[in-house]
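# Structural overview
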Amino acid sequence: MHDSPEVQPARKVPEILHRLVRWTRPRRRAAVGLLLRGVCYGLGTGAVSLATFWVQNRL
């Protein structure tokens with residue numbers, strides 16, 4: 001029987017991961033905005049391409 005309470009071992013996380021998380025936290029909003037912008041550009045380009053393809057095949 002142990003007298004000390006049950007203690008789980010600490011997770012070993014590299015320091016570089018902690019620094020990366022601290023660096024990305026304030027930039028998350030900008031990254032999401034850029035991702036949304038890229039998705040919108042991609043969808044717009046795809047729609048225009050499909051419309052152009054459709055028009056060319058109709059003529």
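In short, a report on the structure. Treat the numbers as computed from the prediction; the structure is a model and nothing was measured.

For the rest of this paragraph, the subject is the pattern of salt bridges. Per the stated rule, a full pass over the model turns up 1 salt bridge. The salt bridge involving Glu15 is made with Arg22; its shortest N-O contact spans 3.0 Å. By relative accessible area, Glu15 is classed as partly exposed at 46%. Relative accessible area serves as the criterion here: at 49%, Arg22 is assigned to the partly exposed category.

What follows concerns the environment of Arg22. Summarising the element assignment, Arg22 is placed in helix α1 (residues 15-24). Polar contacts involving the side chain of Arg22 include one to the side chain of Glu15, which spans 3.0 Å.

Cut-offs applied
Sequence order as written defines the numbering, with residues in each chain counted from 1. Where totals are concerned, whole chains, interfaces and linings use all residues; where local detail is concerned, this predicted model gives features only for residues with pLDDT of at least 70, and gives and counts side-chain atom pairs only at 80 or more. Hydrogens and water are ignored here; the side-chain numbers use all heavy atoms of the structure. In the sections that follow, a salt bridge refers to a side-chain nitrogen of Lys or Arg positioned within 4 Å of a carboxyl oxygen of Asp or Glu. Categorising residues by exposure relies on relative accessible area from a 1.4 Å probe, with only protein chains included: less than 20% of the type maximum marks a residue as buried, more than 50% marks it as exposed, and the intermediate range marks it as partly exposed. Secondary structure elements are taken from DSSP: a helix is a run of H or I of four residues or more, a strand is a run of E of two residues or more, and numbering for both begins at the N terminus. Pairs of N or O atoms within 3.5 Å make up the polar contacts considered here, provided that, within protein, one atom can donate a hydrogen while the other can accept it, and that residues adjacent in sequence are counted only when both atoms are side-chain atoms.

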